Each structure stands twice: as structure tokens, then as C-alpha cells.
Amino acid sequence: MTARQMYKVTVGLTGLMVGLAGCAGGGDDASAAGRPREGGTLRIVGSSDVEHLDPASVSSVGAYGLTRTFARTLFGTRASNDFQETVPVRPDVAERVPTRENGDIGKDRRSYTVRLRTGVLWNTDPPRPVTAHDFVRGFERLCNPAAPSSGKGYFVSTIKGMDEFCRGYARVDAKDPAAMAAYQRDHAIEGLRAADDRTLVFRLRRPASDFLNLLALPYTAAAPKEYDAYVPDGPQLRRNTISNGPYQITEYRPGLSYELSRNPAWRAAADPLRERHVAKIRITLGQDSPEAVQQQLEQGTADLAWDQPVPTSAIPRLRDDPRFAIRETPNSSPYLVFNLRSPNNRGALGERAVRQALEYAVDRSALIKIVGGPSVARPLHTVIPPGNSGYSAIEHYPTPGETGDPAKCRELLGRTGRTGLKLKFPYRTNSVHKLIAQSIADNLDACGVETELIADSGGSFYAGTLGTPARGRAGEWDIAAPGWVPDWYGNNGRSIIQPLFDGRGYGQNSTNYGGYNNPQVNALIDAALTAPDAGRAAGYWQQADQKIMEDAVIVPLLDRAQTLFHSSRVHGALYLPTTSGYDYTRLWLS
């Protein structure tokens, strides 16, 4: 990393630390609670199942936290309540971090050699070593046509030959696991090979200063050969996951519960990022009320919330409780996305002027109250939140006191001639999402826009509704309020702009939910990816942010910290920002 790169990254993190200083709450860590105790069952309760359980397809913070227990990657990050400690890329299955000094990064910065550590085993009978070939299979599965990875765009634009491999794979029968396995067997990604069982060699299209961050993403996990027998992320695979981490899924009831037990093949000496203390992890789903979940945690009948923040009403009385914490997680959570491809209202949302008018509708101050007040959230006006590469504090659509400007919204809509809009608005049923949707609907009503609120439960909001282009083109939704947590922090401009706004990656499971495709933004993405250092890349990300906001593709709403609470018997609560939760593998029970 050059001095310029170090400077730019440090500036971003310093800004983030200012936010942390004002927001950090209680919680504990392993050192404060004494020597970890072994055994017991960690009880986790919450609302919805993950959209994808197959590591190649995971796309939510809940799935990231779950797969960390059983699917290991080449590199990773360490859980900590000091944000700076969670940022660096560290070895996981890899033996060491490649550098130009140790010879694992080529002089042209386009070749990477990654050597695997010994002692990492699959929980097969008998256990067998995880090999470089398993990682090759994992990368190939990112492009499968049945449940393609939402993050494949990172690699298509980075690894040599992956674009061609993925285009060919898209033509394979998505219902035939044998055909998919045959394609992977008979075709190769030009820029990826297993030199031997313990050595991977990558060849990049161009230098990428964030490539090691990409190799730490959860969907790049090794994949065992047994997965070739199943449709990716299909029901059979979900019932037959294989583990190389500290835990294994021993029981899965879709939409209802998970039970994880210790993986007998895991060795602590071969895992530098995880530990293993509890004997079992039980996740119970179907509880949509944050208040009911919180009551269980305080009464000690449950230990952690799965996908529910601390209820807003409980925050004032919990501020001095050591079991409560507010953890800074720079994100857009939520943001309002427009379905640019909806045919409803004669395609009104496809018009920039209509979307620009609606930018003035939302009362962010009301949303901040809903999620817990200014100690939990701050208003957001840009695509890139503070503390991320490329952030610049620009407000394109200001309103008095963050309360919205319905008069201006009506005026601008009137100029477009697009009055009397009726928008379909699906919302998540867990946490405070219903209250957020109702607040936004009231704002739009004041602007003369009618909304139809549609409860979207059971874990279908992302994968079933927003991530299915056919449903967007059919007009099944017009606006929605998803959230986005960057896949990594530090040199991370592409972890926001590329997955959410690169129109070339639009398709099934894409996180470019609204179907935005602007050649100018795509060109800025390419310029950032080919920039010689992180500082110049940040400048391109910033330009892309400004163009996206000029196009009014989304309405940024909140940069929201995570509120967390655990039962009295939980210790070793160490935070992973990219999962918006504690690392299950580090927890222990008194």
C-alpha cells in the first residue's frame, strides 16, 4: 500500500471513529468476563429465514453471520468491539496474506498466489482436507444459473476469463445439477487454477487494490464435491450442508428453526479467526415482534436476537445496562429504491423528473425517532455513507430540518404532469420496517401520491420480490425500503456502488433492485476499478455517487447503527460489522 493509499483509507476510518465515539454503548468482551466456559446451548430468536443458505448465494447480514460458522474462506476479518480491529484482512484458510514482499503478488500486481494451511477438514466420513480444488469449485459456483451469487459482479470485473465462464454457464439448465456439474468440470476460469492441492493462483484482468477484500467475502467459501449433486441453494442442498468450520447444521426446518452442533473435524489450531465454546446453537424463527423478542432476552429464556434490533421504546431504560450496546455500522439502512422498470402509472418511475420530485417527500426526522433517536441514526443524503471510501457530504435535495418538503414535491410533480400516482410498496414485517413503511407512505400521501402497502414476510422480500427482475418488470412493486451494509470496510468504494448500481450485472439475485443502468456510471465504476491507487479510486466513486443522486435512483434515508442486547448468561460478545451482529463462534455462556 502506497503512502497515498494509506492516507486515504486512514481519513475514512478517522471519520468513522468520530461516529463511534458518540454512539458506542455497553456490551462486554471475553477479557472482561474471564476465562471462557465450554458447553451449553446458545438460544437465538427472530423473525425470518435467510433468503439463501448456500454459501455461494448468501446475500444478507444474517446469512453472513450464519455461514461464518460452517463455511470458511481464504481470508476474513476478526470480530472486535474496536471497529479498527475488524477492518484488516487476515488469513483464514490461507496460510498467509499475499504481498509483493513475500512474492505472492506479482510485480505487475495482476497475479496472486495463495497457499492453504494444513489441518482444515470437511466433516465428511472420514474427514478429508479442504483443497485448492474446493476453492476453485466455490468460485465456479458463483455463476450457477439456479441461484447465482449477488456478488459475482465483483469477480467478473476482476478475475481474467470469469466473464466468459459466467456467460457460458448462464445457458446451462438451471434445474439439472448434473449439467451444471458437467459445465464446471469441462470449463475453466482462465484466471483461476489450482497449482496443486494447497496452492491457488489468480490472474487478474487489471490490478485491483481491494482484491484481498474480495477473497474474504462469504460467498467465496470453499465448496465440497458433494455439492455437485444438488441444485445450488435448492432444498436438498439446504438439508445437506457440509462444514469445515467449528459448527455444522444438524437440523434445518425451513422458515422455522436451525440447530447447529460442534463439527468434530474442526481444529482450533487451524482456524485463526474463530473459536468454539457453546455446544449447540439453536435459532428459532417466526417471531415478528421486537418487543416479544426483547422480553425473552431480558427474562433469560433466549440469549440473542436473530434479526430484530432492540425496540425503540426500550432504548432509554437500557442505556446503562451492560447487556446493551450500540455498534456503529456505516450503512444505508434503509434506503428507498425506485423500480425504474415498472410499467405502472404508464412507466412514471422511469422518468428522472418524477423521481427527483419524490426525493423531497420523505421526513427523515420521523424515521430517526422510529429507530431510536440521534444516538442510533443520522440522516443520509448520499449513496455512500460516512466512513466509507468515496463519501462526500453533499445534499442534493435539502428539506427544512430533515422533515421533508411536500409542497415542493407536489410542485415538481405537477410540472411533470404525472399526478395521481399509485405506488405498490412491499415492506418487511420484522423489526420496525412496517413503521418505517407507514411513515414513508404518509409522506407520499402529503405529496399527493397514493401507496399500497404490501406485507412481504417469510424471507421473500429480497430474493423473491426485489431480486427477481421478472417481478419488477411485471409491476409487482414500485418502491421498497431495503437496507445495505457494505461487504467490507476500508478501501471499499466498490462494495456499495458496484453491486447496487452497475447496470451490466442486472439479473436474477442482482442487488441493483431498481434495474438502473447508466453508461456514465458504469464507466466511472470501471475507472475506479482500474485506478492506480485507492485515493484516486475514491474520487471516481464520489463522482458516481453524485451522478446516481442526480438521477434520483434511490432516496438515501438513514446511516443507522446497530442496537444489540444479549441475555445475562452471554459473554465474549464481539461484533462483526459486516454481519450486523456478534460472532457466534466467540460467545460463551455462564
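Definitions and cut-offs
- Residues numbered from 1 in each chain as written.
- Predicted model: local features only at pLDDT ≥ 70, side-chain atom pairs only at ≥ 80, totals over all residues.
- Heavy atoms only, no water.
- UniProt positions renumbered as here; feature names shortened; annotations may be inferred.
- Buried < 20%, exposed > 50% of the residue type's maximum accessible area, 1.4 Å probe, protein only.
- Helix = DSSP H or I, 4+ residues; strand = E, 2+ residues; numbered from the N terminus.
- Pairing = 2+ DSSP bridges.
- Right-handed = clockwise from strand over helix to strand, strands pointing away.
- Lys, Arg positive; Asp, Glu negative; His and termini not counted.
- Salt bridge = Lys/Arg side-chain N within 4 Å of Asp/Glu carboxyl O.
- Contact = heavy atoms within 4.5 Å.
- Domains from an automatic or database assignment.
- Buried area = accessible area lost by both parts, 1.4 Å probe.
- Axes fitted to C-alpha atoms, helices over the stretch in contact; angles between N-to-C directions.
- Phe/Tyr/Trp six-rings, centres within 6.5 Å; stacked < 30°, edge-to-face > 60°.
- Disulfide = S-S within 2.5 Å.

- As recorded in an unreviewed UniProt entry, the protein goes by the name Peptide/nickel transport system substrate-binding protein, listed as coming from Actinomadura meyerae.
- Listed under Subcellular location (unreviewed entry) in UniProt, the entry text for the protein is "Cell envelope".
- UniProt annotates the protein under Sequence similarities (unreviewed entry) with the comment "Belongs to the bacterial solute-binding protein 5 family."

## Remarks on the pairing of strand β16 (residues 422-428)
Okay, step 1: Of all the seven residues making up β16, five are buried; the element is thus mostly covered by neighbouring parts of the structure.
Okay, step 2: Note: β16 against strand β17 (residues 450-456), seven bridges, orientation parallel. Looking at β17, one finds that K424 is bridged to E452.
Okay, step 3: In the classification by handedness, the crossover that spans β16, the intervening helix α17 (residues 433-446) and the parallel β17 is right-handed.

## Let's talk about the side chain of E359
Okay, step 1: Looking at the element boundaries, E359 is found in the loop between α14 (352-358) and α15 (364-371).
Okay, step 2: Buried charge without a partner: E359 forms no salt bridge, and the closest opposite charge is R364, 4.9 Å away.
Okay, step 3: The contact partners of E359, leaving out residues within four places of it in the chain, are F338, Y397, M549, A552, I554, V555 and P556.

## Let's talk about the domain arrangement of the protein
Interface size, as often reported, equals the accessible area lost upon joining of the parts.
Okay, step 1: In terms of domains, the protein is made up of domain 1 (55-233) and domain 2 (334-560).
Okay, step 2: In this structure, domain 1 and domain 2 have C-alpha centres spaced 30 Å apart.
Okay, step 3: Counting residues at the interface gives 21 residues for domain 1, matched by 16 residues for domain 2.
Okay, step 4: Between domain 1 and domain 2, the buried area comes to about 1600 Å², and carbon and sulfur atoms account for 52% of it.
Okay, step 5: The interface formed by domain 1 and domain 2 contains one salt bridge.
Okay, step 6: The salt bridge involving D210 is made with R494; its shortest N-O contact spans 2.8 Å.

## Here's the deal with the sheet that holds strand β4 (residues 111-115)
Okay, step 1: If you trace the three strands from one edge of the open sheet to the other, you get β4-β8-β7, paired in antiparallel fashion. Strands with a single pairing partner mark the edges of an open sheet, and in this sheet they are β4 and β7 (192-196). The mean angle between the axes of side-by-side strands here comes to 25°, regardless of whether they run parallel or antiparallel.
Okay, step 2: Relative to strand β8 (residues 199-203), β7 runs antiparallel, the two being bridged by four bridges. Within β8, the position partnered with R193 by the bridge is V201.
Okay, step 3: This element, helix α5 (residues 132-141), spans β7 and β8 of the sheet and lies at about 170° to β7.

## Considerations on the pairing of strand β11 (residues 280-284)
Within a regular strand, side chains alternate between the sheet's two faces.
Okay, step 1: Residues I281 and I283 of β11 are buried on one face, while the alternating residues K280, R282 and T284, pointing to the opposite face, are not.
Okay, step 2: Pairing of strand β1 (residues 41-45) with β11, which is carried by five bridges, proceeds in the parallel orientation. Within β11, the residue paired with R43 across the bridge is R282.

## Focus: the packing of aromatic side chains
Okay, step 1: Applying the stated criterion across every chain, the model contains 16 aromatic pairs.
Okay, step 2: Each ring, one from F83 and one from Y489, has its centre 5.2 Å from the other, and the planes form 70°; the classification is edge-to-face. Taken as a pair, F83 in helix α4 (residues 83-86) and Y489 in the loop between β18 (479-480) and α20 (494-501) lie far apart in primary sequence, 406 residues in all. Of the two residues, F83 and Y489, neither departs from the other in class, the shared state being buried.
Okay, step 3: An aromatic cluster is defined as three or more aromatic residues linked by ring pairs; in this entry it consists of Y112, F139, F155, F202 and F211.

## A short note on the sheet that holds strand β12 (residues 304-305)
Okay, step 1: With respect to topology, five strands assemble into an open sheet ordered β9-β10-β11-β1-β12, the strand pairing being mixed. Of all strands in the sheet, those bounded by a partner on one side alone are β9 (247-253) and β12.
Okay, step 2: Of the strand pairs in this sheet, strand β10 (residues 257-262) and β11 are connected by five bridges, and their pairing is antiparallel. Among the inter-strand pairings, L260 is bridged to a residue of β11, identified as I281.

## Topic: the state of the cysteines
Okay, step 1: In the structure shown here, the tally under the stated rule is two disulfides.
Okay, step 2: Across the disulfide, C143 is cross-linked to C166 (sulfur-sulfur distance 1.8 Å). In this pair, C143 sits in the loop between α5 and α6 (152-156) while C166 sits in helix α7 (residues 162-169), placing the two residues 23 residues apart along the sequence. Judged on exposure class, the residue C143 and its partner C166 are both buried.
Okay, step 3: The side chain of C409 participates in a disulfide bridge whose partner is C447; the two sulfur atoms lie 1.7 Å from each other.

## Considering the pattern of salt bridges
Okay, step 1: This model, assessed by the stated rule, comprises 36 salt bridges.
Okay, step 2: Measuring nitrogen to oxygen at the nearest pair gives 3.2 Å for the salt bridge that ties R68 to D583. In this pair, R68 is assigned in the loop between α3 (61-67) and β2 (75-76) and D583 in the loop between β24 (581-582) and β25 (588-589), connecting sequence segments 515 residues apart. Of the two residues, R68 and D583, both sit in the buried class.
Okay, step 3: Here the salt bridges share partners, and the residues they tie into one network are R72, D92, D271 and R274.

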